[in-house]
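Chain by chain, the residues run as shown.
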Amino acid sequence: MRPEKLAAFQPSRLSITRALMNRLIRERWEISVERFDIDESASGTAVYSVKSPRQEFSFIAFSHPPSRKARTGRIIGQAWDMMGTLNEGSATDADIESARRELPKLYQGRATPNALIWCRSNRSMRVFDRTLAALAAGDQPSIDDLSQVCYLMRNTGLDGNGTFGTRSFPSLGADHALGGPLQAQLLTAYLMREYSCDLVEHLARLTSKKAVPLDPAIRRYLGVGNGSALGLIFFVHRHPQLIGNWIGAREKAIALARALPVSAGDAHVKQLLALVERAIVFRRQDRMVYETFTSSAAIADDLEKVEGALAGLYHTGLIDGEQCTYPLDVLARRFEAQLSPEAFETYLSLLIELVPDDADRLIESIVGPDEMNVVPTESVASLVAFIEDEYRWALDIDMSSPDAYKYVWYKSETAEEPRRGAREEVPEALDLGLDICGGIQSLLADLRNEEPGLSVARFLMKHPGHRYLVARVQTLRQFSYHTPMANINAEEFIPIDIVRLMNVAIHGIDKTRDFLRRNLRGVLYHGAPTPEEIRMGRSEFWAYPAEPRS
């Protein structure tokens, strides 16, 4: 759970976008346009129908002419190119008019009772405009242009779980078609992708009789842009059981794949080799500039070493001339020592594809309850022993050093957005970050001053300020993974490491770039199937898309 290790995790079959898309394909969800009343200026309304085997949803989108004034991806923005809502049930006139009235108000607005997600997005102006011009002229857009960002529109907000009056996640229940963690948000992101493609084709048709639609290969290649910042660190700390369940499922899937007894000519090795070759092409074609992360060229160089080792294993069944019981595990140990962290984690993520049924069962079993409960009968001695063993990393950090509390976590007055700033610059700020290191050390000090046989209930009657941390420690006892091992208030802490865990590994975002070491920008659903392909049950591996041929 070291932040630098978590930051290297790569998208996998267990990433929520990929797992959700695979489920949509298995169940053959039907996504269709019911209404697209948008004029030449890009003003109007679009309505989509989304039908699962169990439930129906609607996506209502309001298109606005792009404005260069008050245009920002932040919550304080006053102009977005699209605002929308994902609702349960088919869209009624009342739903549409309520959303039209309430969405622009944001925090002053109120969602209808069947609303799951409110969303916003903006165009990538240059790429969108060039794509529109090309389609209107009867041509396909330039791949050189598209590959610079790989999307036409960028998500600037996916708000749910009670925000603006949307339905809370716990109220959905396990039987809900979008009852898994973050599924409603990330289905909405996919619908944003589809809306962006539909919009550019629609505007091209209104512009010219020569207009052509996007080539299906280009439409698949395009994703939806995404930007994330420091709020995800709060999410990780507030949902440790979800994080623990997800990472635990990932580790189980990887262990199952590493334990496959493969040999020469094995179909598993052939499949893995093809996936690695696909990832190499993806990395070689990547045109993003990575200021602080390992470059795609360097990752591709490392993956070619993986390719060579797997080719040798496939043809001979041997590693360095020796027979191994678990060759994929032997290679994993070697790659961990020899490759960049991102290349090694790419190998591990691709291994999961060798055990698809197990992986899909694991992702379906992931839950993320927020409740943390005190075990009142536990003794002080037992709790002390557990903390000294499991939280040694937190106890070993010197919280008395000058830099231990150099930074503070707070929300800005203007936008209520998470911020991290030098404590001396905002001395009046209330620290909203979870001080796990300082809290554990304080808790242990007070525990050691009590009689070993005292119950936790009696201890908390004397020290009620420790109740949350005691409940957290006791609840998370069953998890091997749950809390990043870092002092988030220290100068040496790099926030983007935890943002990458959420965006890349858990959400499944590709081509993530760092901005100022606290913001992350990337692409969701890069290469994902179209609605027609989902309806047909097209099930081949879709991640790591190659650039379409022009």
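Description of the structure in this document. For clarity, every value in this text was computed on a predicted model and none was experimentally measured. (Residues numbered from 1 in each chain as written. Predicted model: local features only at pLDDT ≥ 70, side-chain atom pairs only at ≥ 80, totals over all residues. Heavy atoms only, no water.)

### Examining the overall build of the chain
Filter applied, for reference: Strands here are runs of E lasting at least two residues and helices are runs of H or I lasting at least four, both read from the DSSP assignment and numbered beginning at the N terminus. Radius of gyration here is computed from C-alpha atoms only, and the compact-globule reference equals 2.2 Å multiplied by the residue count raised to the power 0.38. When a residue's accessible area, from a 1.4 Å probe over protein chains only, is under 20% of the maximum for its type it is buried; when over 50% it is exposed; and in between it is partly exposed. Only heavy atoms enter the contact rule, under which two residues are in contact if any of them lie within 4.5 Å. A 1.4 Å probe and the Shrake-Rupley method give the accessible areas. Residues count as covered only by the protein chains that appear here. When charges are tallied, Lys and Arg are placed among the positive residues and Asp and Glu among the negative ones, while His and the ends of the chain are skipped. One atom stands in for each charge, and that atom is NZ of Lys, CZ of Arg, CG of Asp or CD of Glu.
Scanning the chain from N- to C-terminus turns up 21 helices and 11 strands. For the chain, the C-alpha radius of gyration of 25 Å lies close to 24 Å, the compact-globule estimate for 550 residues. Counting only C-alpha atoms, the chain reaches 85 × 65 × 45 Å along its principal axes. Here the chain holds 550 residues, and 57% of them are scored as buried. Sequence-distant contacts in the chain: of pairs separated by 6 or more residues, those separated by 24 or more amount to 74%. Surface summary for the chain: the accessible area is close to 23,200 Å², and the carbon and sulfur share equals 49%. Taken together, the 64 basic and 73 acidic charged side chains of the chain have centroids lying 3 Å from each other.

### Examining empty space enclosed by the protein
It is the rolling of a water-molecule-sized probe over the atoms that shows where space remains empty. Put simply, the rule reads: Grid points spaced at 1 Å over the protein atoms alone were grouped into cavities, where a 1.4 Å probe fits but cannot get out, and pockets, open sets with protein on both sides within 12 Å along at least five of seven lines, with lining residues defined by an atom within 4 Å of a point. Grid points are joined across faces, edges and corners, and a volume is the space filled by probe spheres set on the points.
Considering all chains together, one arrives at two cavities of 30 Å³ or more under this definition. Considering only enclosed or pocket space, the largest cavity measures out at about 120 Å³ in volume. Considering the residues around the largest cavity, the lining is formed by 16 residues, among which Gln10, Arg283, Arg500, Lys511 and Thr512 are closest to the centre. The element best represented in the lining of the largest cavity is strand β10 (residues 510-515), accounting for three residues.

### Considerations on unusual backbone geometry
It is generally the case that most residues other than glycine have a negative phi and that most peptide bonds are trans. Its identity as a non-glycine residue notwithstanding, aspartate 320 has a phi of 55°, on the positive side. Tracing the backbone shows aspartate 320 in the loop between α11 (296-316) and α12 (327-338). Its identity as a non-glycine residue notwithstanding, lysine 511 has a phi of 55°, on the positive side.

### Here's the deal with the environment of phenylalanine 344
Along the polypeptide, phenylalanine 344 turns up in helix α13 (residues 341-351). Since its relative accessible area comes to 4%, phenylalanine 344 is described here as buried. Setting aside its immediate chain neighbours within four residues, phenylalanine 344 contacts Lys5, Ala332, Phe335, Glu336 and Leu339.

### Re the layout of surface pockets
Rule in force here: Residues are grouped as follows: Ala, Val, Leu, Ile, Met, Phe, Trp, Tyr, Cys and Pro are nonpolar; Asp, Glu, Lys and Arg are charged; every other residue, Gly included, is polar.
In this model, the second largest pocket occupies a volume close to 360 Å³. If you go around the second largest pocket, you meet 18 residues; those closest to its centre are Arg13, Glu353, Ser539, Glu540 and Phe541. Elements supplying a minimum of two residues to the lining of the second largest pocket: α2 (16-27) and α10 (267-285). The class makeup of the residues in the lining of the second largest pocket is seven nonpolar, four polar and seven charged.

### What about helix α19 (residues 467-475)?
Burial analysis of α19 places seven of its nine residues in the buried class, which makes it a mostly covered element. Leu469, Val470, Ala471, Arg472, Val473, Gln474 and Thr475 are the residues of α19 that are buried. Residues of α19 that are buried in the fold lie against α8 (231-238), α9 (240-258), α15 (380-390), α17 (436-448) and α18 (456-462).

### A few points about the sheet that holds strand β11 (residues 519-524)
Filter applied, for reference: Note: two strands are recorded as paired if DSSP finds a minimum of 2 bridges between them. Whenever a helix is involved, its axis is fitted only over the stretch in contact; in every case the axis is a line through C-alpha atoms, and angles between N-to-C directions fall within 0 to 180 degrees.
If you walk across this open sheet you meet the nine strands as β1-β2-β3-β4-β5-β6-β7-β11-β10, and the pairing is mixed. Bordering the open sheet on either side are β1 (30-38) and β10, each of which pairs with just one other strand. Taking each pair of neighbouring strands and ignoring which way they run, the sheet shows an average axis angle of 25°. As paired strands, strand β5 (residues 115-123) and strand β6 (residues 151-160) are joined by seven bridges and run antiparallel to one another. Bridge assignment links cysteine 119 to a residue of β6, and that residue is leucine 158. Its contacts with the sheet place helix α20 (residues 495-507) against β7 (223-228), β10 and β11, and it is angled at close to 10° to β11.

### Digging into the side chain of aspartate 286
Note the threshold: As used in this structure description, the phrase polar contact means that two N or O atoms lie within 3.5 Å; if the pair is within protein, one of them must be able to donate a hydrogen and the other to accept it, and residues adjacent in sequence are counted only when both atoms belong to side chains.
Along the polypeptide, aspartate 286 turns up in the loop between α10 and α11. Polar side-chain contacts of aspartate 286 include one of 2.5 Å to the side chain of tyrosine 290. A distance of 2.6 Å separates polar atoms of two side chains, one belonging to aspartate 286 and the other to serine 296. Apart from residues lying up to four places away in sequence, aspartate 286 is in contact with Ser296 and Lys511.

### Points about the pattern of salt bridges
Using the following cut-off: Note on definitions: salt bridges are taken to be side-chain nitrogens of Lys or Arg within 4 Å of carboxyl oxygens of Asp or Glu.
For the structure shown, the criterion picks out 40 salt bridges. Arginine 500 is the partner of glutamate 342 in a salt bridge, and the nearest nitrogen-oxygen pair spans 3.5 Å. A residue pair is termed long-range when its members are at least 10 positions apart, and glutamate 342 in helix α13 and arginine 500 in helix α20 qualify at 158 residues. Relative accessible area serves as the criterion here: at 7%, glutamate 342 is assigned to the buried category. As a salt-bridge pair, arginine 538 and glutamate 540 come within 2.3 Å of each other at their nearest N and O atoms. When its relative accessible area of 28% is taken as the criterion, arginine 538 is described as partly exposed.

### Some thoughts on the nonpolar core
Quick reminder of the rule: The nonpolar core is taken to be a set of buried Ala, Val, Leu, Ile, Met, Phe, Trp, Tyr and Cys residues, with the residues joined through side-chain atoms within 4.5 Å.
Counting residues in each nonpolar core, the largest one holds 133 residues, and the members touching the most others are Leu86, Tyr195, Leu328, Tyr347 and Tyr525. If one sorts the elements of this core by residue count, helix α6 (residues 183-207) sits on top with 13 residues. Not counting chain neighbours up to four residues away, the residues in contact with tyrosine 195 comprise Phe36, Ile38, Ala46, Tyr48, Phe59, Ala61, Ser63, Asp81, Met82 and Met153. Val384, Phe386, Ile387 and Ile440 belong to the second-largest nonpolar core, a separate cluster that totals 23 residues.

### What about the packing of aromatic side chains?
Rules: When the centres of two rings from Phe, Tyr and Trp lie within 6.5 Å, Trp using its six-membered ring, the rings pair. Their planes under 30 degrees apart give stacked, over 60 give edge-to-face, and anything left gives tilted.
In total, this model carries 11 aromatic pairs according to the counting rule given. Judged by centre distance (5.3 Å) and plane angle (70°), the ring pair of tyrosine 190 and tyrosine 525 falls under edge-to-face. Linking tyrosine 190 in helix α6 with tyrosine 525 in the loop between β11 and α21 (531-536), this pair joins segments that are 335 residues apart in sequence. In terms of burial, tyrosine 190 and tyrosine 525 fall into one category: buried.

### Some words on the environment of threonine 166
Within the element layout of this structure, threonine 166 appears in the loop between β6 and α6. The spacing of threonine 166 and isoleucine 117 is 49 residues in sequence and 6.4 Å in space, taken between C-alpha atoms. Ignoring any residue separated from it by four or fewer positions in sequence, one finds threonine 166 in contact with Ala111, Ala115, Leu116, Ile117, Trp118, Asp159, Gly160 and Asn161. For threonine 166, the side chain forms a polar contact with the main-chain nitrogen of glycine 162, separated by 3.1 Å.

### Remarks on the pairing of strand β4 (residues 82-88)
Along β4, seven of the seven residues are buried, which leaves the element largely enclosed by surrounding structure. Every second residue of β4 is oriented toward a common face, with Met82, Gly84, Leu86 and Glu88 on one face and Met83, Thr85 and Asn87 on the other, all of them buried. Of the pairings in the sheet, the one linking strand β3 (residues 56-63) to β4 comprises seven bridges and is antiparallel in character. Following the sheet pairing, phenylalanine 62 is matched in β4 by methionine 83. Two elements, β4 and β5, share six bridges in a ladder whose sense is antiparallel.

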